[in-house]
Amino acid sequence: MAQLGSENNPLRVAIVGSGPSGFYAAEALIKSDINVKVDVLERLPSPFGLVRSGVAPDHPKLKQAILLYDKIAQSPEFNLIANVTVGKDISVDELRGSHHAIIFTCGAESDRKLGIPGEDLAGSYTATEFVAWYNGHPDYRQRQFDLSNEVAVIIGQGNVAADVARILSKTVDELKHTDIAEHALDALAESKIREIYVIGRRGPAQAKFTPKELREFGELEDCDAVVDSSELELNEASIKELGEKSNIGSKKIYDLFQKYSGLATSGPSSSRKARRCHFQFLRSPVELVGDSKLERVKIEYNQLSGDPFKQSARGSGEFYELETGILFRSIGYRGVPIEGVPFHDSWGVFPNEDGRITENDETVPQFYTAGWIKRGPSGIIGTNRACSVATVASLLADLDALDTGEEKTGAEILYPLLDSRNVRYLNFQEWKKIDLKEVERGEPKGKPREKFTFVDEMMSVLD
Ligand code: NAP
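Calculation criteria
Residues numbered from 1 in each chain as written. Predicted model: local features only at pLDDT ≥ 70, side-chain atom pairs only at ≥ 80, totals over all residues. Heavy atoms only, no water. Helix = DSSP H or I, 4+ residues; strand = E, 2+ residues; numbered from the N terminus. Buried < 20%, exposed > 50% of the residue type's maximum accessible area, 1.4 Å probe, protein only. Contact = heavy atoms within 4.5 Å. Near = heavy atom within 4 Å. Polar contact = N/O pair within 3.5 Å; in protein donor to acceptor, adjacent residues only side chain to side chain. Areas by Shrake-Rupley, 256 points an atom, 1.4 Å probe, with all protein chains shown as cover. Nonpolar A, V, L, I, M, F, W, Y, C, P; charged D, E, K, R; others polar. Domains from an automatic or database assignment. Phe/Tyr/Trp six-rings, centres within 6.5 Å; stacked < 30°, edge-to-face > 60°. Lys NZ or Arg CZ within 6 Å of the ring centre and 35° of its normal. Axes fitted to C-alpha atoms, helices over the stretch in contact; angles between N-to-C directions. Parallel < 35°, antiparallel > 145°, perpendicular 65-115°, else oblique. Left-handed = near helix turned anticlockwise from the far one by under 90°. Pairing = 2+ DSSP bridges. Patch = residues over 30% accessible without salt bridge, like charges linked within 9 Å, V, L, I, M, F, W, Y side chains within 5 Å. Salt bridge = Lys/Arg side-chain N within 4 Å of Asp/Glu carboxyl O. Lys, Arg positive; Asp, Glu negative; His and termini not counted. Charge placed at Lys NZ, Arg CZ, Asp CG, Glu CD. Buried area = accessible area lost by both parts, 1.4 Å probe.

K.L.:
Explain the side chain of Glu119 to me, please; I cannot follow it from the model alone.
P.N.:
Mapped onto the elements, Glu119 comes out in the loop between β5 (110-111) and β6 (124-126). Owing to a relative accessible area of 4%, Glu119 belongs among the buried residues under this scheme. Look past the residues within four positions of Glu119 in its chain and what remains in contact with it is Lys113, Leu114, Ser124, Leu288 and Arg329.

Set out below in structure tokens:
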């Protein structure tokens, strides 16, 4: 047989997941100096992962990454097999038989838990489900969020918490020309939420927002950003943290909190606008209380201890209660296992060394990983590019080991298997038809697109 990676024997790689890390892995393989064929498997009929169903609708610039993914998808070496769930429609072992290597780029689809009593009461939601709902993800289409409360609480101070708070803070006019799903816009139009509390377990110097995201709270049409100046006092270690040149982002965040503390006080009557978004620090929820649904949150004040950049929050023993019927836990995403692939349960990732999946410290032949399921849920879209490039470098360094002399036919052998299981898979050209229809549906409303939010609706465009 011809050498692996030659014209007559291309390296066949299956990529599981068509989010940013999947596309960047495909790009790195296609740009390499060997012959490759890349099959990208995607669970939904629509590609692009969190760029489609995670990035906030009012952040269209971030979605421009799709222009690059579209270009990658035009390469003759690229093939999308969408609407196929690996582990259900096709097994991991079958992919091992069809491809020389598999790169798992399936992201972090679940959430970390707070681990407190009442966490699962009605009215307590994860940020993940809310974000997926307003972005029209079919899995979350039927979710209902009780927006009839005046007070909403968000736990966590990262950019996902900022997205949730901003969507709750904005007026319908601010959202109606975005690609927000229609059902979400209709529900948000009826929202009674007026006071939004974004609560961090550590201090203002440790909030994980990025300055651009926090700055947007000073520019909202009908919502004031509120910070109580007494909450901005810093301990020695935090002063040192903010003095570090490399920590300029946190300094900018702190300056924004100071600006907001000078704008409005926390009393509703002093605010000009209909809504207020309060940023509060050094507090942790310890219990969600309610009979059949959330009625209030029991919160403990925290103290920080530890060296600069290693400070952690400890409960002070002082508590209060905040009345609310709706709470979002936004404390980080978490990967979910796939049958047949080793999983690190406490970290929620596929254990790996330089992108090579490992089990009991041994690398598992043919298995690689990139993106959030490789390194955990951190970083912006572009961070995934370097991560995928590194994984592909590991894979290409293993070329000799991947060449077992066995013939691999890639998608060619998967299609009859999928047909025999009545799985209606689609390719990138078919996705583009759905894409076009969404754009057409958006036009009369002045929206970039009106997303299909049911799988059947998407498939009916094709059939
Ligand atoms: P994140 O940035 O890691 O923030 C998680 C937040 O949850 C932190 O404030 C963290 O506090 C807090 N937290 C964790 N465990 C907690 C607990 N047990 N109790 C209370 N608070 C807890 O995660 P994320 O917001 O999910 O964002 C994930 C990644 O996506 C980030 O890199 C983010 O920048 C990126 N992202 C970017 C954008 C954008 O560019 N516009 C939008 C969305 C997301 P500690 O610091 O104390 O751990």
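Further notes follow.
K.L.:
Help me out: how do you make sense of the site of the ligand in this one?
P.N.:
Around the ligand, the surrounding shell holds 22 residues, and the nearest of these are Gln157, Arg201, Arg202, Glu213 and Gly379. Glu213 is positioned such that a nitrogen or oxygen atom in its side chain is 2.8 Å from a nitrogen atom of the ligand. Across the complex, the protein chains shield 84% of the 920 Å² of accessible surface that the ligand would expose by itself. The dominant element in the shell around the ligand, judged by the number of residues it contributes, is helix α6 (residues 159-169), at three residues. The residue inventory of the shell around the ligand, partitioned by class, reads nine nonpolar, eight polar and five charged. There are two domains that each give the shell around the ligand at least three residues, and those are domain 1 (11-109 + 335-425) and domain 2 (110-333).

K.L.:
Before we go on, may I ask you to explain the packing of aromatic side chains in this structure?
P.N.:
Applying the stated rule across the entire model yields 27 aromatic pairs. Ring geometry for Phe104 versus Phe367: centroids 5.3 Å apart, planes at 80°, classification edge-to-face. Of the two residues, Phe104 sits in strand β4 (residues 101-104) while Phe367 sits in strand β18 (residues 362-369), which places them 263 residues apart along the sequence. Counting every residue linked through ring pairs, the aromatic cluster contains Phe23, Tyr24, Phe48, Tyr69, Phe78, Phe428 and Trp431. Here the basic side chain of Arg441 rests over the ring of Phe452, its NZ or CZ set 4.1 Å away from the ring centre.

K.L.:
Explanation requested: the packing of helix α1 (residues 20-31) against helix α3 (residues 65-73) in the structure shown.
P.N.:
The description of two helices packed together rests on the angle between their axes and the distance between the axes. Put simply, α1 and α3 touch, their axes get as near as 10 Å, and they point 45° apart. With respect to their mutual orientation, α1 and α3 come out oblique. Regarding α1 and α3, the two cross each other, and that crossing is left-handed. Contacts between α1 and α3 involve Pro20, Phe23, Tyr24, Ala26, Glu27 and Ile30 from the former and Leu68, Tyr69, Ile72 and Ala73 from the latter.

K.L.:
I keep staring at the sheet that holds strand β11 (residues 283-289) and nothing clicks. Help me out?
P.N.:
Neighbouring strands of a sheet are bound in pairs by backbone hydrogen bonds; such pairs are parallel or else antiparallel. In space, the three strands of this open sheet follow the order β11-β12-β13, with antiparallel pairing throughout. A single partner strand is all that each edge strand has here, and the edge strands are β11 and β13 (312-323). Within the sheet, the average angular offset between the axes of one strand and its neighbour, ignoring direction, is 25°. Sheet topology note: the strand β12 (residues 296-305)/β13 ladder contains nine bridges and is antiparallel. Looking at the pairing, Lys298 lines up with Glu321 of β13.

K.L.:
What exactly am I supposed to notice about a negative patch on the surface here?
P.N.:
Taken together, the side chains of Glu353, Asp354, Asp361 and Glu362 make up a negatively charged region of the molecular surface. Within the fold, Asp361 resides in the loop between β17 (356-359) and β18. Judged by relative accessible area, which is 69%, Asp361 ranks as exposed.

K.L.:
I'm lost on the domain arrangement of the protein chain in this one. Help?
P.N.:
As a measure of interface size, the accessible area lost when the parts come together is often cited. Under the domain assignment, the protein chain is made up of domain 1 (11-109 + 335-425) and domain 2 (110-333). On a C-alpha basis, the centroid separation for the pair domain 1 and domain 2 is 33 Å. Across the boundary between the two partners, domain 1 contributes 16 residues, which contact 22 residues of domain 2. Here domain 1 packs against domain 2, burying approximately 1500 Å² in sum over the two surfaces, 52% of which is carbon and sulfur.

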